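Structural description and commentary
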Amino acid sequence: MGWPQPKSLIQTDNTTALGVANKTIITKKMKSMDMRLWWLRCRESQGQFRYYWAPGPTNHADYPTKAHPDIYHESMRPTHAG
């Protein structure tokens, strides 16, 4: 539609995944993630995504992948449950 948009920010706490997406790590035998890898790289080269690293505690995508005590879930409700 012609409306300019800024790059979408994609945060990760995995330095290997970041290196693969940013082409700073040479991939050799990664057939299992070949299609996804090239899609991510294509989007970055088109200027649609910007990948960056941040430590795990500030990574909101990291929250559902860990087992936390009830108190932690209650404190995180405003941030994750809307």
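In this text, all values refer to a predicted model and were calculated from it rather than measured experimentally.

Quick look at the overall build of the protein chain now. Within the protein chain, the regular secondary structure consists of 3 helices and 2 strands. Scored against the burial criterion, the 82 residues of the protein chain give a buried share of 17%. Restricting the contact set of the protein chain to residue pairs at least 6 apart, pairs at least 24 apart contribute 55%. Carbon and sulfur atoms provide 59% of the accessible area of the protein chain, an area that totals close to 6,900 Å².

Attention shifts here to the packing of aromatic side chains. Following the criterion strictly, the structure yields 2 aromatic pairs and no others. Ring plane angle 65° and centroid distance 6.1 Å describe the contact between phenylalanine 49 and tyrosine 51, whose orientation is recorded as edge-to-face. Neither phenylalanine 49 nor tyrosine 51 differs from the other in exposure class; each is buried. Its end group placed over the ring of tryptophan 38, arginine 41 keeps NZ or CZ at 5.2 Å from the ring centre.

Moving on, we come to the confidence of the model for the protein chain. Here the protein chain averages 79 in pLDDT, while 80% of its residues score no lower than 70. Of all secondary-structure elements in the protein chain, the lowest mean pLDDT belongs to helix 2 (residues 34-45), at 80, while strand 2 (residues 49-53) reaches the highest, 88.

This part covers the side chain of threonine 12. Turning to its location among the elements, threonine 12 is positioned in strand 1 (residues 8-12). In terms of polar contacts, threonine 12 uses its side chain to reach the backbone amide nitrogen of asparagine 14, at 3.1 Å.

Definitions and limits used
Residues numbered from 1 in each chain as written. Predicted model: local features only at pLDDT ≥ 70, side-chain atom pairs only at ≥ 80, totals over all residues. Heavy atoms only, no water. Helix = DSSP H or I, 4+ residues; strand = E, 2+ residues; numbered from the N terminus. Buried < 20%, exposed > 50% of the residue type's maximum accessible area, 1.4 Å probe, protein only. Contact = heavy atoms within 4.5 Å. Areas by Shrake-Rupley, 256 points an atom, 1.4 Å probe, with all protein chains shown as cover. Phe/Tyr/Trp six-rings, centres within 6.5 Å; stacked < 30°, edge-to-face > 60°. Lys NZ or Arg CZ within 6 Å of the ring centre and 35° of its normal. pLDDT = per-residue confidence, 0-100. Polar contact = N/O pair within 3.5 Å; in protein donor to acceptor, adjacent residues only side chain to side chain.

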